[in-house]
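Architecture and fold: a report
Here is what each chain is made of, one letter per residue.
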Amino acid sequence: AVGLGRTFANVVTRSMSWGLTTGLFTLLPQCIGANKYDLISEYIQRSLYITTCTCLLLSIPQFFAGDIMIAMGQSPDLKDLINLYCRIYIPNSFINTWLTVVQRLLQALNHNRDITIAQILSFLI
């Protein structure tokens, strides 16, 4: 049940929000190269807004993950466990998404030590 819940949460929220931040890999280094540092804050702010709204919308199917998995043919006995896991994972999906945006920023600024600290914090949360 935990494996199904984890798979559902990764496919629905984490992959979608992670994919929305991949544009920052290109945009942020271009801003640094062009000395347009004011655009960095704009891109980060937009990315945080977009990913937060996306996580809000994607937390709805995640809240009903057990019902969706039953509709896909999984055993009805697993419904409560899948629902429990995915509902507990909802705050984690927001935190991981925000940390991904911060990671993209720190990579563009070449702050690798700070990325390591952010990753350790994400493992602790």
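To start, this report covers the structure provided alongside it. (Residues numbered from 1 in each chain as written. Predicted model: local features only at pLDDT ≥ 70, side-chain atom pairs only at ≥ 80, totals over all residues. Heavy atoms only, no water.)

For the rest of this paragraph, the subject is the overall build of the protein. Helices and strands together make up the secondary structure of the protein, namely six helices and zero strands. When the helices and strands of the protein are placed in sequence order, the string is α-α-α-α-α-α. Here the protein holds 125 residues, and 32% of them are scored as buried. A separation threshold of at least 6 residues defines the contact pool for the protein, and within that pool the share at least 24 residues apart is 70%. Positive and negative side-chain charges of the protein, numbering 8 and 6 respectively, have mean locations separated by a distance of 6 Å. (Helix = DSSP H or I, 4+ residues; strand = E, 2+ residues; numbered from the N terminus. Buried < 20%, exposed > 50% of the residue type's maximum accessible area, 1.4 Å probe, protein only. Contact = heavy atoms within 4.5 Å. Lys, Arg positive; Asp, Glu negative; His and termini not counted. Charge placed at Lys NZ, Arg CZ, Asp CG, Glu CD.)

Here the focus is the packing of helix α1 (residues 2-20) against helix α3 (residues 37-63). Two numbers describe how α1 lies on α3: the axes approach to 10 Å, and their chain directions differ by 165°. Taken together, the axes of α1 and α3 are roughly antiparallel relative to one another. You can see that α1 and α3 cross each other, and the crossing is right-handed. Residues Phe 8, Ala 9, Val 12, Thr 13, Met 16, Ser 17 and Leu 20 of α1 pack against Ile 50, Thr 51, Thr 54, Cys 55, Leu 58, Pro 61 and Gln 62 of α3. (Axes fitted to C-alpha atoms, helices over the stretch in contact; angles between N-to-C directions. Parallel < 35°, antiparallel > 145°, perpendicular 65-115°, else oblique. Left-handed = near helix turned anticlockwise from the far one by under 90°.)

Position of Cys 86 relative to the elements: it lies in helix α5 (residues 79-108). In sequence terms Cys 86 and Thr 52 are 34 residues apart; their C-alpha atoms lie 17 Å from each other. Those residues in contact with Cys 86 that sit more than four places away from it in its chain are Gly 5, Phe 8, Gln 62 and Ala 65.

We now examine the pattern of salt bridges. Under the defined criterion, the tally for this structure stands at two salt bridges. In this structure, Glu 42 engages Arg 46 in a salt bridge whose closest nitrogen and oxygen atoms are separated by 3.0 Å. In this pair, Glu 42 and Arg 46 are both assigned in helix α3, four residues apart and thus about one turn of the helix distant. Classification of Glu 42 as partly exposed rests on a relative accessible area of 32%. (Salt bridge = Lys/Arg side-chain N within 4 Å of Asp/Glu carboxyl O.)

A few words on the packing of helix α2 (residues 24-33) against α5. Contact pair α2 / α5: the axes reach a minimum separation of 9 Å and the direction vectors enclose 40°. Of the possible angle classes, the one that applies to α2 and α5 is oblique. Regarding α2 and α5, the two cross each other, and that crossing is right-handed. Contact with α2, carried on its side by Leu 24, Phe 25, Leu 28, Pro 29 and Ile 32, involves Val 101, Arg 104, Leu 105, Gln 107 and Ala 108 of α5 and no other residues of that element. The residue inventory of the contact of α2 with α5, partitioned by class, reads eight nonpolar, one polar and one charged. (Nonpolar A, V, L, I, M, F, W, Y, C, P; charged D, E, K, R; others polar.)

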